[in-house]
Every structure is written in structure tokens, then in C-alpha cells.
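Architecture and fold: a report
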Amino acid sequence: FEINNDYDYAKGVFDGGYIRKNESVQIQHQREIIFVKPYFWIIKDTLSGKLDEDEEIEQLWHFLETEKDVCLSNSENAVTTNNKDANIIIKQLDSNVNITLFKGEDNPIRGWQCPEYSCKLPAFEVVASQTGNLPFIFETLLFPVLGKVEKIPNFIKNDNQYIVQYSGSQWMVKQRNNQVHIVQ
């Protein structure tokens with residue numbers, strides 16, 4: 001990890017595998033987080049290993065039950081909250097990632113929060129999914145906004161450089177060999 005005045009960077013790996021259809025599957029999950037201070041986060045999840053067949057892989061984002069309004073923008077491949085004072089935008093880089101919203105669903109059981117034992121409350125769950133074989137990469141922008149969300153930021157990638165554009169500001173986030181360089 002690295003912490004400085006411009007950004008925080010952390011990387012972690014889980015390589016204990018997962019259970020699929022009652023069988024152990026050796027998949028490695030690597031997560032990298034870049035916090036461009038004080039503006040936004042870029043989350044990169046890389047799943048690698050071997051699957052016998054194409055699978056649907058999901059990245060989940062959960063909201064508290066107090067969040068009343070979450071909006072899906074398929075054209076922007078993004079989800080936003082809709083509060084008066086502060087909001088969050090969750091945007092996927094890859095347009096091939098499908099985004100689905102759930103809240104209080106029983107079949108399948110999706111979109112619930114359990115703040116304590118035997119208490120189940122409906123809460124928004126954002127599911128970003130891809131179908132295929134490994135490796136999978138989810139690159140996600142978490143962008144907080146004061147006040148109402150007027151527009152969705154542009155989030156693109158060229159080589160090892162992310163570009164985020166919002167309300168006349170632009171950030172270039174270059175990453176190479178676990179080093180991050182920010183240009184605003």
C-alpha cells in the first residue's frame with residue numbers, strides 16, 4: 001500500500017478459492033483500490049484461475065436500508081443515489097458489464113440487509129455481472145457528489161491510464177508496477 005497527500009493505494013489478494021455447485025473452485029481475487037484525494041475511488045477487481053465452462057461472475061454493492069432511492073442508468077452503465085444533500089455514483093468502466101438492481105426480492109433472495117440477528121430489511125443491492133471464462137476484470141468508479149447528481153462522470157481507460165472527467169475537471173490516473181501517478 002501507499003499513502004500520500006494526493007492518493008491512497010492498496011492491493012490485496014484472496015486465493016482461498018470459492019464454492020460453486022458444492023465444489024471447490026480455485027479462483028484468485030485481487031482487489032486494487034486507488035483513492036484520488038478527496039475526489040473519488042477506482043476499484044479494480046481481477047479474478048483469475050480456471051473454470052471448466054463459462055460462468056456468470058458478479059460484483060456486489062450493498063446499501064443500507066435507509067437509502068430510499070437508487071437509480072440505474074443503463075446508457076451510462078452506472079447507478080446513482082438520489083438524495084438532497086449528498087450522493088454516490090457507481091460506474092462500471094466496461095460497457096459489457098450488466099448492472100441489475102434488487103431490493104427485497106425473495107426469488108432469488110437479493111436486496112436485503114440484516115443489521116442484527118433475525119432482522120431482515122429490504123435494501124438496495126447493485127449487481128454488476130459478466131459472463132465468460134477467466135480472467136474477469138471489474139473496474140469501478142465510486143464518485144461522491146454534493147447535492148443532486150446532475151450528470152454521470154466520464155470514466156475511460158487508455159493503456160494503464162484511467163481518465164475521469166466531471167464538471168469541467170479532469171483527472172488522469174496512471175498506474176504501473178504498483179505505482180500511481182495523478183495528473184489533474
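The paragraphs below set out a description of the structure included in this document. (Residues numbered from 1 in each chain as written. Predicted model: local features only at pLDDT ≥ 70, side-chain atom pairs only at ≥ 80, totals over all residues. Heavy atoms only, no water.)

**Quick look at the nonpolar core**
Heads up, the rule is: Throughout, nonpolar core names a set of buried Ala, Val, Leu, Ile, Met, Phe, Trp, Tyr and Cys residues whose side chains join them through atoms within 4.5 Å. Burial classification: accessible surface area is computed with a 1.4 Å probe over protein chains only, and a residue below 20% of its type maximum counts as buried, one above 50% as exposed, and the rest as partly exposed. Think of it this way: any DSSP run of H or I at least four residues long counts as a helix, any run of E at least two long counts as a strand, and we number them from the N terminus. Between two residues, a contact is recorded if the distance between any of their heavy atoms is within 4.5 Å.
Among the nonpolar cores identified, the biggest contains 20 residues, and F40, I42, F143 and V173 are the most heavily contacted of them. Put simply, the parts of the chain that give this core at least two residues each are strand 2 (7-14), strand 5 (27-36), strand 6 (40-49), strand 17 (136-146), strand 19 (161-166) and strand 20 (169-176). Once you skip the residues sitting within four places of it in the chain, F40 turns out to touch I34, F35, L141, L142, F143, P144, V164, W171 and V173.

**Considerations on the environment of D85**
With respect to the helices, strands and loops of the structure, D85 is situated in the loop between strand 9 (78-81) and strand 10 (86-92). A relative accessible area of 58% means that D85 is categorised as exposed. Taking the C-alpha atoms as reference, D85 lies 6.9 Å from K148; in sequence the two are 63 residues apart.

**What to know about the packing of aromatic side chains**
Put simply, the rule is: Centres within 6.5 Å make a pair out of two Phe, Tyr or Trp rings, where for Trp the six-membered ring is used; the pair is then stacked when the planes are under 30 degrees apart, edge-to-face when over 60, and tilted otherwise. Criterion for a charge above a ring: Lys NZ or Arg CZ within 6 Å of the ring centre, and within 35 degrees of the ring normal.
Counting across every chain of the model gives 8 aromatic pairs. Residues F14 and Y18 carry aromatic rings whose centres are separated by 5.5 Å and whose planes lie at 65° to one another, so their mutual orientation is edge-to-face. Its relative accessible area of 42% is what places F14 among the partly exposed residues. A residue is classified by how much of its surface remains accessible, and Y18, at 33% relative accessible area, is partly exposed. Centroid distance F40 to F143: 5.8 Å. Interplanar angle 15°. Geometry classified as stacked. Of this pair, F40 sits in strand 6 while F143 is found in strand 17, placing the two residues 103 residues apart along the sequence. Taken together, Y39, F40, F143, Y166 and W171 form an aromatic cluster joined through their ring pairs. The ring of Y166 has K151 lying over it, and the distance from NZ or CZ to the ring centre is 5.9 Å.

**Focus on the pattern of salt bridges**
Heads up, the rule is: Salt bridges are defined by distance alone: a side-chain nitrogen of Lys or Arg within 4 Å of a carboxyl oxygen of Asp or Glu.
This structure, assessed with the given rule, holds 6 salt bridges. For E125, the salt bridge identified is with R110, shortest N-O distance 2.9 Å. A residue pair is termed long-range when its members are at least 10 positions apart, and E125 in strand 16 (residues 124-132) and R110 in strand 13 (residues 109-110) qualify at 15 residues. In this structure, a network of salt bridges that share partners links the residues E58, R110 and E125.

**Here's the deal with the sheet that holds strand 19**
We count it as follows: Between any two strands, pairing holds if DSSP finds at least two bridges. Every axis corresponds to a line fitted to the C-alpha atoms, with the helix fit spanning only the stretch in contact, and the corresponding angles, defined between N-to-C directions, vary from 0 to 180 degrees.
Spatial ordering of the open sheet is given by 18-19-20-21, a layout of 4 strands whose pairing is antiparallel. Looking at strand neighbours, the two that pair on one side only are strand 18 (154-158) and strand 21 (179-183), the edges of this open sheet. On average, each strand axis in the sheet is tilted by 20° relative to the strand beside it, whichever way the strands run. When strand 20 meets strand 21, the two strands line up antiparallel, connected through 5 bridges. Across the sheet, K174 pairs through a bridge with H181, a residue of strand 21.

**Thoughts on the sheet that holds strand 5**
Read from one edge of the open sheet, 8 strands run 1-2-5-6-17-10-9-8, paired in antiparallel fashion. Looking at strand neighbours, the two that pair on one side only are strand 1 (2-3) and strand 8 (70-73), the edges of this open sheet. As judged from the 7 bridges shared by strand 10 and strand 17, these two strands associate in the antiparallel manner. Pairing of I90 across the sheet is with L142, part of strand 17.

**Describing the pairing of strand 8**
For strand 8 and strand 9, the ladder comprises 4 bridges, and the chain directions are antiparallel. Within strand 9, the residue paired with L72 across the bridge is V79. Taking the residues between adjacent antiparallel strands as the criterion, strand 8 and strand 9 are bridged by 4 residues, where N77 takes a positive phi near 55°.

**Observations concerning the side chain of N87**
Selection criterion: A 3.5 Å cut-off defines polar contacts: any pair of N or O atoms within that distance qualifies, except that in protein one atom must be a possible hydrogen donor and the other a possible acceptor, and neighbouring residues in sequence count only when both atoms are side-chain atoms.
In this fold, N87 is placed in strand 10. According to the relative accessible area criterion, N87 is buried, its value standing at 6%. In this structure the side chain of N87 is engaged in a polar contact, spanning 3.1 Å, whose partner is the backbone nitrogen of N82. Polar side-chain contacts of N87 include one of 2.7 Å to the backbone oxygen of G147. Discounting chain neighbours no more than four positions away, the residues touching N87 are T81, N82, F143, P144, V145, G147, K148 and V149.

Fair warning: the whole summary comes from geometry, so function is off the table for now.
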